[in-house]
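Coordinate inspection notes
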Amino acid sequence: MRSDGALSGYSVLVTGGGTGIGRACAAALAADGAAVTICGRTESRLTDAVGRINEAAAHGGRAGYVVSDVTDEADVQRAVEAAAEVTGGIDGCVANAGGGGALGPLHLQDLAAYTAVLHLNVLGTLLCIKHTTPHLVASGRGSFVGMSSIAGHQTHPLFGAYTAGKAGIEALIRNAADEYGPAGVRFNAIRPGFIATEIMEGIPRESPVYQSYIDNTPMGDVGQPEDVANLARFLVGPESRWITGQAINVDGGHSLRRGPDFSPFIEPAIGRDAMLARTPGPGR
């Protein structure tokens, strides 16, 4: 992780910064001198994260927080205003808040739950773009980083709305890069693979699902939040000044093969016929 103070004087907003990848991104930025504002829905997680981030901060870097839900436009506005107050502007945004919903085949998806996942990922990122972009333009060195996934471009059967949500983020990033490039603002996305976060702890290490991740990763392991954070810090910083409109994999090579196999989790619960939308009949 770079920590020579190249981001001293920067103000950066990191959404979903209370745990996992978001917290690691905020820590990498603060360690290199940035004033980081993290936001999320759970205050206890945010206060804990700020303490950890500030322990590792250097070169004048520091962290603060604001409780905010990225699916609520007023909340996003409030988070952006809080980040801008620290230094008088915003130089970067890492739109990390996102997530998935119920696993299962598409024909069994609940519409309300599916829509909620799209709202969190796509509209949450859109609201961050909408409200940070004027600040990023005024900065003269603005950079926006969206958090996609290898599931945004590689098939991940049974992942429901998550794949569409992450693909939507990438579409937003490409269009924003084209729209605001003339104003000097860069927009890029990161595609994490299997990263050891709190969410992924729900996959038992001895399960065939976990093994399917390892088998399809050339480097034969799982990534750490810091692996993603190091790229986020680079994309926010001045070294990446000529990079925009890109979606970059951080996956140990997983995207070279195929997505994970979650059928061992789901098929026993609903049956093979339901998995394939088949109606059992005579001789079947």
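Shown above is the structure to which this text applies.
The notes below deal with the structure included here. Note that the coordinates shown come from a computational prediction; the quantities given were computed from them, not determined experimentally.

**A word on the side chain of Ser149**
The residue Ser149 is located in the loop between strand E5 (143–147) and helix H5 (161–180) in this model. Note on Ser149: relative accessible area 6%, which makes it buried. Looking at Ser149, its side chain comes within polar contact range of the main-chain nitrogen of Ala151, at 2.9 Å. Beyond its immediate chain neighbours, meaning those up to four positions away, Ser149 contacts Tyr162, Lys166, Glu170, Ile190, Arg191 and Pro192.

**Here's the deal with the pattern of salt bridges**
A side chain of one charge can pair with a side chain of the opposite charge if their charged atoms are brought near each other. The full count for this structure, using the stated rule, is 11 salt bridges. In this structure, Arg233 engages Asp32 in a salt bridge whose closest nitrogen and oxygen atoms are separated by 2.6 Å. Linking Arg233 in helix H7 (residues 225–236) with Asp32 in the loop between helix H1 (20–31) and strand E2 (35–40), this pair joins segments that are 201 residues apart in sequence. What makes Arg233 buried here is its relative accessible area of 4%. With relative accessibility at 0%, the residue Asp32 sits in the buried group.

**Overview of unusual backbone geometry**
Look at Leu158: it is not a glycine, yet its phi comes out positive at around 75°. Mapping Leu158 onto the fold places it in the loop between E5 and H5. Residue classification places Leu158 among the buried residues on the basis of a relative accessible area of 15%. Look at Ala277: it is not a glycine, yet its phi comes out positive at around 60°. Position of Ala277 relative to the elements: it lies in the segment after helix H9 (272–275).

**A few points about the pairing of E5**
With 5 of 5 residues buried, E5 is to be regarded as a mostly interior element. The two faces of E5 match: Ser143, Val145 and Met147 on one face and Phe144 and Gly146 on the other face are all buried. The parallel pair strand E4 (residues 92–95) and E5 is bridged by helix H4 (residues 111–139), and the resulting crossover is right-handed. Examined bridge by bridge, E5 and strand E6 (residues 186–192) share 5 bridges and lie parallel to one another. Residue pairing across strands places Val145 opposite Asn188, the latter belonging to E6. Where the polypeptide runs from E5 across H5 and back to E6, its parallel neighbour, the crossover connection is right-handed.

**Notes on the state of the cysteines**
Within the structure shown, the criterion is met by 0 disulfides. No disulfide involves Cys25; its sulfur sits 11 Å from that of Cys93, the nearest cysteine. As a non-bridged cysteine, Cys93 has Cys128 as the owner of its nearest cysteine sulfur, 4.8 Å distant. Given the relative accessible area of 0%, Cys93 is considered buried.

**Concerning the nonpolar core**
For soluble globular proteins, nonpolar side chains are generally found buried alongside one another. Counting residues in each nonpolar core, the largest one holds 32 residues, and the members touching the most others are Leu29, Ile38, Val94 and Ile190. Elements represented by at least two residues in this core include exactly strand E1 (11–15), H1, E2, helix H2 (43–56), E5 and H7. By residue number, the principal contributor to this core is H1, which donates 8 residues. Ignoring anything within four residues of it in the chain, the contact list for Ile190 reads Val145, Gly146, Met147, Ser148, Ser149, Val228, Leu231, Ala232, Leu235, Ile248 and Val250. Formed by 26 residues, the second largest nonpolar core is a distinct cluster that contains Ala95, Ala97, Leu136 and Ala189.

Here is what the cut-offs are and how they apply
- Residues numbered from 1 in each chain as written.
- Predicted model: local features only at pLDDT ≥ 70, side-chain atom pairs only at ≥ 80, totals over all residues.
- Heavy atoms only, no water.
- Helix = DSSP H or I, 4+ residues; strand = E, 2+ residues; numbered from the N terminus.
- Buried < 20%, exposed > 50% of the residue type's maximum accessible area, 1.4 Å probe, protein only.
- Polar contact = N/O pair within 3.5 Å; in protein donor to acceptor, adjacent residues only side chain to side chain.
- Contact = heavy atoms within 4.5 Å.
- Salt bridge = Lys/Arg side-chain N within 4 Å of Asp/Glu carboxyl O.
- Right-handed = clockwise from strand over helix to strand, strands pointing away.
- Pairing = 2+ DSSP bridges.
- Disulfide = S-S within 2.5 Å.
- Core = buried A, V, L, I, M, F, W, Y, C linked by side-chain atoms within 4.5 Å.

From the geometry alone we can't say anything about function, so treat these as descriptive.
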